[in-house]
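Below, each chain spelled out in residue letters.
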Amino acid sequence: MASLPKRIIKETEKLVSDPVPGITAEPHDDNLRYFQVTIEGPEQSPYEDGVFKLELFLPDDYPMEAPKVRFLTKIYHPNIDRLGRICLDVLKTNWSPALQIRTVLLSIQALLASPNPNDPLANDVAEDWIKNEEGAKAKAREWTKLYAKKKPE
Amino acid sequence: MSINTAPSSPPNQTSPTAAAAAAAAAAPHDHTKSNNPIRLPISISLTINDTLNHGSNNNGGSNGLGILPSRTATSLAMMNGSNANAAAATTETSAVPAVAGTKSIRHFVYPPNQVNQIDFSLDIHPPPNTSLPERIDQPTLKHRMDKHGLFSIRLTPFIDTTSSSAANQGLFFDPIIRTAGAGSQIIIGRYTERVREAISKIPDQYHPVVFKSKVISRTHGCFKVDDQGNWFLKDVKSSSGTFLNHQRLSSASTTSSDHLLHDGDIIQLGMDFRGGTEEIYRCVKMKIELNKSWKLKANAFNKEALNRIKSLQKLTTGLEQEDCSICLNKIKPCQAIFISPCAHSWHFHCVRRLVILSYPQFMCPNCRSNCDLEATLESESESEFESESENESDIEMDIEVDTNNNLGVRLID
Amino acid sequence: MSKVPRNFRLLEELEKGEKGFGPESCSYGLADSDDITMTKWNGTILGPPHSNHENRIYSLSIECGPNYPDSPPKVTFISKINLPCVNQTTGEVQTDFHTLRDWKRAYTMETLLLDLRKEMATPANKKLRQPKEGETF
């Protein structure tokens, strides 16, 4: 296996030594480009008190190519589909090599705080969100309780 | 946490120690258990029968080439002065009288700091009525060595910009760097499968200098370095010649004397065959740089220039940004840097692909501003010129009103 | 080349299948679009021409376990088919079928479906008597 680029090593070290509040990211032992991620639901959002598991992979061409990220925890959100795929511009067309793992994860956390039903990935959820925002938020809170419970410490 | 298992690359990948360590790990046959961090000396004997006439297949027809067992090589290094002289002399004499048939010459790279053990003057034969350069003092000598006490030589393709034709550009090759201790002799020759096999276990910086061209003899010439870090070039009966600054060192198939090399000298090996249109028939033209002279050292100007870039960035973006946002490493003096019109900067190496990707459009990865890398300069110089010539500016003004309202209004004022 | 982890590899395959970038002679997709583990898949193979399979559409189920793509998936024919590499009572493709036996990480579900289709068209297999169309295991 080709050696890990210095940039990835640097990013990983920084994630450990200077973690982002509410976010953890650890590489798998057998694949240092593959990270296990958790993001805490932002306060005052329907995802508050939830801890969401994600997986992140840095492809060969990283940082010229964006990291690949997916939710492993079920989440009711207009920009996240049933397989956990995320519709977020910085992960697609708006990627820039000046972005990093930490900035990407922060963007995802921000997406949880402010869903964008006008640019949906999960159409049914988005429809629900536009028609009945309170109802949709209630469902998101319910799913958070059901699937994203904080582990008892 | 698995970060500890991340392979952290050594600070300097090309440092001889690292390379030698890697080589040592890859060489299970090393019985010597030497504590020398650099596995030197290295000695390869090249016995080749391509003398006077091509295809002459007389006695001693062994195209033998082999690495001496490392024990032999080590014992060579441990020999005291007089013995080593004898060994060196033997190599020389065995090469000289090989008038017809076999030509035997050895590639050997000595470790550093053997200065007191061998008298190298015996080994160097400068051309008649020239003399060796005067001996230099210790600090100067130290300056010529790398941190491991080795001397170095770098060969880069010499592109003759005065000749316009595409041919006669010589063979292209990646820069070659060799390091060697005092008294070493580095073979110049043709790349063959045998050579490749023989050197596969040796770190690159101790390899013979070989080229994939048929106009280069199998053993064409050699570089020698003395205890002062003086480098010499010698032709060892090449069939198509060795040229130092356009002068041929010796006539076909005769051995030349040892010619002192200077920084910036141009060496040509062989001559183009069949017009040199095919890569394999091209001669090799190369520029010489000696004893790490090619390494840039940050001087006051370099540091000042970098500081200016940083303060420019501070002015325009309000941020001080020292790291390259692409590789996350510091931007330091003497590195090639690309500065975008929005005053962000990266190592050129890091940003190159982004620049090429959509050239001349460039989107700053840091602030996402779009710039046209071709346009800006041109339009500015034109507008300066326009203001001096009234007639033209009238015409231009009409066009500008159509295409760019703001500019048109300004011009009428 | 770095190793693409299972889930991202399956997402790649899913995208290729969804967008129809694959060949026309076979298709595949997630059996349950809610299954975040992406284990169970459906596949179809269009019978190769000039054989007894011509114009038939075979459905299969594919199971990509946790070790996919390091280990091959489990493939089972749902439509009845008479092939030496297919277990005649369960419909399962035998693990000694060459693509499964010599599985490589670079292989995909598409590789597997196309190889099965080729298997149907070999001189030895293309004239095998086939059960009535529409029957299932």
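This is a predicted model, so every value here is computed, not measured.

What counts as what
- Residues numbered from 1 in each chain as written.
- Chains lettered and ligands numbered in written order.
- Predicted model: local features only at pLDDT ≥ 70, side-chain atom pairs only at ≥ 80, totals over all residues.
- Helix = DSSP H or I, 4+ residues; strand = E, 2+ residues; numbered from the N terminus.
- Buried ≥ 20, exposed ≤ 12 C-beta atoms within 10 Å, placed from the backbone.
- Contact = placed C-beta atoms within 7 Å.
- Pairing = 2+ DSSP bridges.
- Axes fitted to C-alpha atoms, helices over the stretch in contact; angles between N-to-C directions.
- UniProt positions renumbered as here; feature names shortened; annotations may be inferred.
- Expected span 1.5 Å × (residues − 1).
- Arc of directions from axis to C-beta.

Enquirer: Explain the overall build of chain A to me, please; I cannot follow it from the model alone.
Expert: When you go through chain A residue by residue, the secondary structure sums to four helices and four strands. Walking chain A from its N terminus toward its C terminus, one meets helices and strands in the order α-β-β-β-β-α-α-α. Taking all 153 residues of chain A together, the buried fraction comes to 39%. Counting contacts in chain A only where the partners sit at least 6 residues apart, residues at least 24 apart contribute 52% of the total.

Enquirer: Sorry if this is basic, but what is going on with the sheet that holds strand β1 (residues 23-28) of chain A here?
Expert: What links the strands of a sheet is backbone hydrogen bonding, and the strands pair in either a parallel or an antiparallel sense. All names here are of chain A. In spatial order, the strands read β1-β2-β3-β4; together these four strands make up an open sheet with antiparallel pairing. Sheet topology places β1 and β4 (68-71) at the edges, where each strand pairs with a single neighbour. Along the sheet, successive strands turn relative to each other by an average axial angle of 25 degrees, direction set aside.

Enquirer: Help me understand unusual backbone geometry in this model?
Expert: Across residues other than glycine, the phi torsion is negative in most instances, and most of the peptide bonds are trans. In this structure, A:Pro63 follows A:Tyr62 across a cis peptide bond, with omega equal to 5 degrees. If you trace the backbone, A:Pro63 turns up in the loop between β3 (51-57) and β4. With an omega of -5 degrees, the peptide bond running from C:Tyr68 to C:Pro69 counts as cis. Residues other than glycine seldom take positive phi values, yet B:Lys237 does so here, at roughly 60 degrees. Its place among the elements puts B:Lys237 in the loop between β9 (231-235) and β10 (242-244). Not every positive phi belongs to a glycine, and B:Ser253 is a case in point at roughly 60 degrees. C-beta crowding within 10 Å serves as the criterion here: with 20 such atoms nearby, B:Ser253 is assigned to the buried category.

Enquirer: Got a minute to help me understand the sheet that holds strand β1 (residues 26-30) of chain C in this structure?
Expert: Residue and element names in this part refer to chain C. Spatial strand order, β1-β2-β3-β4: four strands in an open sheet with antiparallel pairing. The open sheet has two edge strands, β1 and β4 (74-77), and neither has a second partner. For this sheet the average axis-to-axis angle between neighbouring strands, irrespective of direction, equals 25 degrees. Here seven bridges tie strand β2 (residues 40-46) to strand β3 (residues 57-63), and the two strands are oriented antiparallel to one another. Its bridge partner lying in β3, Trp41 is registered against Ile62.

Enquirer: How should I be thinking about the pairing of β4(A) in this particular structure?
Expert: Each regular strand shows side chains that alternate between the opposite faces of the sheet. Residues and elements named next belong to chain A. The alternating pattern of β4 places Lys68 and Arg70 and Val69 and Phe71 on opposite faces, both of which are buried. Two elements, β3 and β4, share four bridges in a ladder whose sense is antiparallel. Residue pairing for β4: Phe57 is matched across the bridge by Lys68.

Enquirer: For this particular structure, what's the right way to read the UniProt feature "active site" (unreviewed entry) in chain A?
Expert: Residues and elements named next belong to chain A. Here, the residues flagged by UniProt with the feature "active site" (unreviewed entry) are Cys87. Mapping Cys87 onto the fold places it in the loop between β4 and α2 (101-113). When the 18 C-beta atoms within 10 Å are taken as the criterion, Cys87 is described as partly exposed. With near-sequence residues (within four places) excluded, Cys87 lies in contact with Asn79, Asp119 and Leu121.

Enquirer: Can you walk me through α2(A) in this structure?
Expert: Because an α-helix packs 3.6 residues into every turn, residues spaced three or four apart end up facing the same way. All names here are of chain A. With 13 residues, α2 extends 19 Å from end C-alpha to end C-alpha; this agrees with the ideal 18 Å at 1.5 Å per step. Within the span of α2, buried status applies to Ile101, Val104, Leu105, Ile108, Gln109, Leu111 and Leu112. All buried residues of α2 project into a common sector of 155 degrees when viewed along the axis, lining one side. Buried residues belonging to α2 abut α1 (6-17), β1, β2 (31-40), β3 and β4.

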